[in-house]
Amino acid sequence: MHGQFQLTDDQLAIREVAQRFTADAITPFAGEWDAKHIFPRETIQKSAELGFGAIYVSEQSGGIGLGRLEAALIMEAMAYGCPSTSAFISIHNMAAWMIDRFGGEVVKAKYLPSLVTMDKIASYCLTEPGSGSDAAALKTTARRDGDTYVLNGTKQFISGAGANEIYVAMVRTGEDGPKGISCIVIEKDMPGVSFGAQEKKLGWHSQPTAQLILEDVRVPAENLVGAEGEGFRIAMMGLDGGRLNIGACSLGGAQRCLDEAIQYTKDRKQFGQAVADFQNTQFMLADMATDLEAARALLYLAAAKVTDNAPDKTRFSAMAKRLATDNGSAIVDKALQLFGGYGYLQDYPIERFWRDLRVHSILEGTNQIMRMVVGRDLLRQ
């Protein structure tokens, strides 16, 4: 950003490319993807032609090497058409970045070329049936046996499970707690890898979600990302960016619903005048727009801090995620109210966004955990 909080020309151009892609390849089809639970793999792979499969993977590794603000602009633009699909692309980017940022030359050479092009798509695997918010209590084990690790355990709520080829997983190689956790890359076709039934979800219908089940899976030791014991730190650094992206997806969904509500209330007539002419409607729209811009400003600031590796980047990422996802859901809910009974119908897009954005305050760390992150950081000062 430059000047008084203005996007640079390059950032505006990046956003415009993402907006055009969304208008052509996502928005016209998102309703059908949702209704029929279609996983739009070809569309997702097409985004990689624009570099969106490796947004902050380094140029040396074949990515486009952008910052976290540019990534947020891309996610926000794509979420205007489909938050579920945008979030799915975000997760792939987080996994690819972790390999690029922390992996050795062997694991990078093995996986990044196909991840950059999205010929192969990656999942991020941290959560387990017994460890959600308490992520450091994970139980999946990786026992060293010669030049391999033998993995056993189950990962829960994995986006892309069963469809994706690559799984970047946090596993326990040592003591209890965060210091015993390591990060390793698993392939779908490795013996012992299987998947649970597809989850029946309220929203996010355009992406598959299931358990990743590991039963005596032998993974080459060279697939370790970082050193043993560094996995929890890697996972949390990945979440700094992931939280920004999921917040950006809420911004994009909220902007779409605000735009839809403005147009609808202009067109809809009641009591002899447009619904938009009523002062109450104008007050609602004003509050929606204000809450959206406030969340956007904080998220863009947090993104700049993560790019710059500022000492308070984690606190700002948590604050931005909390505000953007809470405000985003509230804005969509108000848009549904302005649509009245029609907002509740699947003939209009509002209810899809209402369902899709609801999970944003749960994943990448619940908004209650975000408050804990912020509060603890404040008290350390």
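For the structure, check the block above.
Residues numbered from 1 in each chain as written. Predicted model: local features only at pLDDT ≥ 70, side-chain atom pairs only at ≥ 80, totals over all residues. Heavy atoms only, no water.

Enquirer: Can you lay out the side chain of T140 for me, pointing to particular residues and giving the numbers?
Expert: Checked against the element boundaries, T140 lands in the loop between β1 (122-125) and β2 (141-145). Of the polar contacts made by the side chain of T140, one reaches the side chain of E128; its length is 2.7 Å. Discounting chain neighbours no more than four positions away, the residues touching T140 are E128, N152, G153, T154, K155, V171, R172 and L214. (Helix = DSSP H or I, 4+ residues; strand = E, 2+ residues; numbered from the N terminus. Polar contact = N/O pair within 3.5 Å; in protein donor to acceptor, adjacent residues only side chain to side chain. Contact = heavy atoms within 4.5 Å.)

Enquirer: Talk me through the pattern of salt bridges; I want residue IDs and the actual numbers.
Expert: Following the criterion strictly, the structure yields 18 salt bridges and no others. With its nearest N and O atoms 3.2 Å apart, the salt bridge here joins K36 to E32. Of this pair, K36 and E32 both sit in helix α1 (residues 9-36), 4 residues apart, which is roughly one turn of that helix. One salt bridge in this structure joins D34 and R355, with 2.7 Å as the shortest N-O distance. Here D34, found in helix α1, pairs with R355, found in helix α9 (residues 350-358); they are 321 residues apart in sequence, far enough to count as distant. For the pair D34 and R355, a shared accessibility class is recorded, and that class is buried. Shared partners join several salt bridges into a network, and the residues in it are D34, E351 and R355. (Salt bridge = Lys/Arg side-chain N within 4 Å of Asp/Glu carboxyl O. Buried < 20%, exposed > 50% of the residue type's maximum accessible area, 1.4 Å probe, protein only.)

Enquirer: Let's hear about the environment of T209: which residues, and what values?
Expert: For T209, the location among the structural elements is in strand β7 (residues 209-220). Taking the relative accessible area as the measure of exposure, T209 reaches 6% and is therefore buried. Sequence separation between T209 and S47 is 162 residues, and the spatial gap between their C-alpha atoms is 21 Å.

Enquirer: Describe unusual backbone geometry, listing the residues and the values that go with them.
Expert: In this structure, H37 is a non-glycine residue whose phi angle is positive, near 55°. Residue placement: H37 occurs in the loop between α1 and α2 (41-47). Even without being glycine, F271 reaches a positive phi, approximately 55°. Its place among the elements puts F271 in the loop between β9 (269-270) and β10 (273-274). The class of F271 is exposed, set by a relative accessible area of 81%.

Enquirer: Tell me about the packing of helix α6 (residues 231-267) against α9, and please be specific about residues and values.
Expert: One can describe the packing of α6 onto α9 by two numbers: an axis separation of 10 Å at closest approach and a directional angle of 160°. Of the possible angle classes, the one that applies to α6 and α9 is roughly antiparallel. Helix-helix and strand crossings are classified by hand; for α6 and α9 the assignment is left-handed. Between α6 and α9, the contacting residues are C249, S250, G253, A254, R256, C257 and E260 on the first element and I350, R352, F353 and L357 on the second. In terms of residue class, the contact of α6 with α9 is made up of 6 nonpolar, 2 polar and 3 charged. (Axes fitted to C-alpha atoms, helices over the stretch in contact; angles between N-to-C directions. Parallel < 35°, antiparallel > 145°, perpendicular 65-115°, else oblique. Left-handed = near helix turned anticlockwise from the far one by under 90°. Nonpolar A, V, L, I, M, F, W, Y, C, P; charged D, E, K, R; others polar.)

Enquirer: Explain the side chain of D100 to me, and be specific about the residues and the numbers.
Expert: Of note, D100 is situated in helix α4 (residues 83-102). No salt bridge is formed by the buried D100, whose closest oppositely charged neighbour, K108, lies at an N-O distance of 4.3 Å. A distance of 2.9 Å separates a polar atom in the side chain of D100 from the backbone nitrogen of S58. (Lys, Arg positive; Asp, Glu negative; His and termini not counted.)

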